[in-house]
Amino acid sequence: MRIEQDLKLGFKDVMIRPKRSTLKSRSQVSLERTYTFLHAKMTWTGIPIMAANMDTVGTFDMAKKLAEKKLFTAIHKHYTIEEWKTFLEETSPELKNYIAVSTGTGEEDSKKLKEILSLSKDLKFICIDVANGYSEHFVEFLEKTRENFPEKVIIAGNVVTGEMVEELLIAGADIVKVGIGPGSVCTTRVKTGVGYPQLSAIIECADAAHGLGGQIISDGGCAIPGDIAKAFGAGADFVMLGGMLAGHDESGGDIIELDGNKFKRFYGMSSNTAMDKHAGGVAEYRASEGKTVEVPYRGAVENTLQDILGGLRSTCTYVGASRLKELTKRTTFIRVAEQENTVYK
Ligand code: 5GP
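Residues numbered from 1 in each chain as written. Predicted model: local features only at pLDDT ≥ 70, side-chain atom pairs only at ≥ 80, totals over all residues. Heavy atoms only, no water.

Under the annotation held in an unreviewed UniProt entry, the protein chain carries the name GMP reductase and is attributed to Zunongwangia endophytica. One UniProt comment on the protein chain, placed under Subunit (unreviewed entry), says "Homotetramer." For the protein chain, the Catalytic activity (unreviewed entry) comment in UniProt is given as "IMP + NH4(+) + NADP(+) = GMP + NADPH + 2 H(+)". (UniProt positions renumbered as here; feature names shortened; annotations may be inferred.)

Shown next as structure tokens:
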């Protein structure tokens with residue numbers, strides 16, 4: 001039996017140490033980044049925060065709002081071709097720089113992906129998403145997708161270790177999605193005992209990816225704006241959010257009223273709710289690995305975005321980073337045994 005003795009850390013285990021800074025105001029901080037992708041060779045500029053490809057978050061409405069601020073949306077894979085057609089007709093070519101078409105790795109998925117991409121040449125991003133990115137079938141699917149779409153930017157995941165990040169980049173991914181088990185509605189760690197604390201996963205995977213000229217997305221586990229700052233500080237090129245963007249007008253689903261309070265339903269993509277909705281129930285051989293929760297209704301996503309982007313700008317001023325690009329270099333984490341004061345919570 002082998003046990004790795006190095007302690008692996010999550011967001012709650014660290015804080016960012018403040019540093020002397022010449023910045024006078026948060027307004028001097030630029031959150032935009034420009035990346036050139038490993039295989040697609042395309043260059044992208046924007047604020048590298050993404051809505052997750054969950055049907056309660058990665059919606060067309062979310063994409064319209066986020067793209068206005070140059071944020072990205074991984075559109076969930078459950079829209080029909082007809083719905084895609086309508087959406088693409090009513091949106092600008094510019095918006096298409098800020099969305100990815102998500103797909104699973106089945107034959108039907110592959111056919112649907114081709115059909116959607118054939119609707120518009122401006123669709124440039126593909127997100128191949130599976131819960132377990134360690135399977136051979138997934139790598140083969142990625143290789144085939146790279147062959148079929150040499151010029152598209154391919155996001156692939158999820159994994160949590162450097163050697164698998166390298167394998168996916170070599171197999172054709174431009175960006176690797178990192179995270180197993182940290183998600184707010186994820187029960188993988190409970191059901192399987194498998195996982196990796198997210199901060200350490202980011203540090204190790206970013207190192208592996210950057211060595212080969214690739215990028216990573218930190219996916220899951222950000223519950224407050226400070227976690228997003230820590231993810232970028234640790235080396236994430238993009239940060240993907242589920243729960244933090246749930247409960248808004250732009251999230252899917254209806255408003256639910258309970259005892260005079262308003263809520264929206266939010267659920268994991270492998271929860272019973274999602275599988276009943278999209279796959280006719282949970283298959284006999286598997287267990288649900290996601291929760292269903294009611295989150296307080298929060299109105300327009302715009303206010304939440306301001307909170308997130310304001311927080312991130314403030315982090316940058318605390319460590320003297322005038323651009324998000326400098327945040328990793330300027331970050332020193334301190335290990336801690338406390339986080340926020342919860343007296344009034
Ligand atoms: P959050 O930002 O809510 O903490 O995490 C969002 C991420 O959780 C998603 O991008 C996805 O990677 C992951 N996720 C979404 N649904 C499920 C699920 O049903 N099970 C698991 N294990 N992970 C999920």
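Back to the text.
Student: Would you take a moment to explain the overall build of the protein chain for this structure?
Tutor: In terms of regular secondary structure, the protein chain is built from 11 helices and 15 strands. Taken over the C-alpha trace, the protein chain has a radius of gyration of 19 Å; the compact-globule value for 345 residues is 20 Å, and the two agree within 12%. With respect to the three principal axes, the spread of C-alpha positions in the protein chain is 55 × 55 × 55 Å. Going through the 345 residues of the protein chain one by one, you find that 52% of them count as buried. Pairs at least 24 residues apart make up 67% of the contacts formed inside the protein chain by residues separated by at least 6 positions. Summed over its atoms, the accessible surface of the protein chain is roughly 16700 Å², and 48% of this surface lies on carbon and sulfur atoms. Of the charged side chains in the protein chain, 43 are positive and 46 negative, and the gap between their average positions amounts to 7 Å. (Helix = DSSP H or I, 4+ residues; strand = E, 2+ residues; numbered from the N terminus. Rg over C-alpha atoms; globule rule 2.2 N^0.38 Å. Buried < 20%, exposed > 50% of the residue type's maximum accessible area, 1.4 Å probe, protein only. Contact = heavy atoms within 4.5 Å. Areas by Shrake-Rupley, 256 points an atom, 1.4 Å probe, with all protein chains shown as cover. Lys, Arg positive; Asp, Glu negative; His and termini not counted. Charge placed at Lys NZ, Arg CZ, Asp CG, Glu CD.)

Student: Explanation requested: the UniProt feature "active site" (unreviewed entry) in the protein chain in the structure shown.
Tutor: UniProt's feature table lists "active site" (unreviewed entry) at Cys-186, given in the numbering used throughout. Structurally, Cys-186 can be placed in the loop between strand E9 (175–178) and helix H6 (188–192). Contacts of Cys-186, omitting those with residues within four sequence positions, involve Gly-181, Glu-289 and Lys-291.

Student: How do you make sense of the pattern of salt bridges when you look at a structure like this?
Tutor: A side chain of one charge can pair with a side chain of the opposite charge when the charged atoms of the two come close. As enumerated under the stated definition, the model contains 16 salt bridges in all. Measuring nitrogen to oxygen at the nearest pair gives 3.7 Å for the salt bridge that ties Asp-55 to Lys-277. Placement of Asp-55 in the loop between strand E4 (49–51) and helix H1 (60–68) and of Lys-277 in helix H9 (residues 272–279) is noted, with a sequence separation of 222 residues between them. Relative accessible area serves as the criterion here: at 6%, Asp-55 is assigned to the buried category. You can call Lys-277 exposed: its relative accessible area is 55%. Within the structure, one salt-bridge network assembled from shared partners comprises Asp-61, Lys-64 and Glu-90. (Salt bridge = Lys/Arg side-chain N within 4 Å of Asp/Glu carboxyl O.)

Student: Please clarify how the packing of aromatic side chains should be interpreted in this entry.
Tutor: Two descriptors summarise a pair of aromatic rings, namely the distance from one centre to the other and the angle between the planes of the rings. Evaluation of the coordinates by the stated rule reveals 11 aromatic pairs. On the basis of an interplanar angle of 10° and a centroid distance of 3.8 Å, the ring pair of Phe-60 and Tyr-79 is categorised as stacked. Placement of the pair is Phe-60 in helix H1 and Tyr-79 in the loop between strand E5 (72–75) and helix H2 (81–90), with a sequence separation of 19 residues. The residues Phe-60 and Tyr-79 share a single accessibility class, namely buried. By way of ring pairs, the aromatic residues Tyr-35, Phe-37, Trp-44, Phe-72, Tyr-98, Phe-125 and Phe-238 are connected into one cluster. (Phe/Tyr/Trp six-rings, centres within 6.5 Å; stacked < 30°, edge-to-face > 60°.)

Student: I tried to follow the sheet that holds strand E11 (residues 238–241) on my own but got confused; where do I start?
Tutor: Within the closed barrel, the eight strands sit side by side as E4-E5-E6-E7-E8-E9-E10-E11. Their pairing is parallel. Averaged over all neighbouring strand pairs, the angle between strand axes comes to 25°, with direction disregarded. With respect to the sheet, helix H3 (residues 107–119) is in contact with strand E6 (99–103) and strand E7 (125–129), its orientation differing from that of E6 by roughly 155°. Packed on one face of the sheet, helix H7 (residues 198–212) meets E9 and strand E10 (215–219) and runs near 170° to E10. (Pairing = 2+ DSSP bridges. Axes fitted to C-alpha atoms, helices over the stretch in contact; angles between N-to-C directions.)

Student: I'm lost on the site of the ligand in this one. Help?
Tutor: Taken together, 20 residues lie near the ligand, and Ser-184, Thr-188, Asp-219, Ser-270 and Glu-289 sit nearest. Between the ligand and Ser-270, the relevant distance is 2.7 Å, taken from an oxygen atom to a main-chain nitrogen or oxygen of the residue. One nitrogen or oxygen atom from the main chain of Glu-289 is found 2.6 Å from a nitrogen atom belonging to the ligand. Surface burial for the ligand is 89%, taken as the share of its 530 Å² of free accessible area covered by protein chains. Of the residues that constitute the shell around the ligand, the class distribution is six nonpolar, 12 polar and two charged. (Near = heavy atom within 4 Å. Polar contact = N/O pair within 3.5 Å; in protein donor to acceptor, adjacent residues only side chain to side chain. Nonpolar A, V, L, I, M, F, W, Y, C, P; charged D, E, K, R; others polar.)

Student: Could you clarify how one ought to interpret the packing of helix H8 (residues 225–234) against helix H10 (residues 301–319) in this entry?
Tutor: A pair of packed helices can be characterised by two numbers: the angle between their axes and the separation between those axes. Following both chains from N to C, one finds H8 and H10 inclined at 50°, their axes separated by 9 Å at the closest point. Between H8 and H10, the crossing angle belongs to the class labelled oblique. Crossing angle aside, the handedness with which H8 passes H10 is right-handed. Residues Pro-225, Ile-228, Ala-229 and Phe-232 of H8 form the contact with H10, whose participating residues are Asp-307, Ile-308, Leu-312 and Thr-315. Looking at the contact of H8 with H10 residue by residue, the class counts come to six nonpolar, one polar and one charged. (Parallel < 35°, antiparallel > 145°, perpendicular 65-115°, else oblique. Left-handed = near helix turned anticlockwise from the far one by under 90°.)

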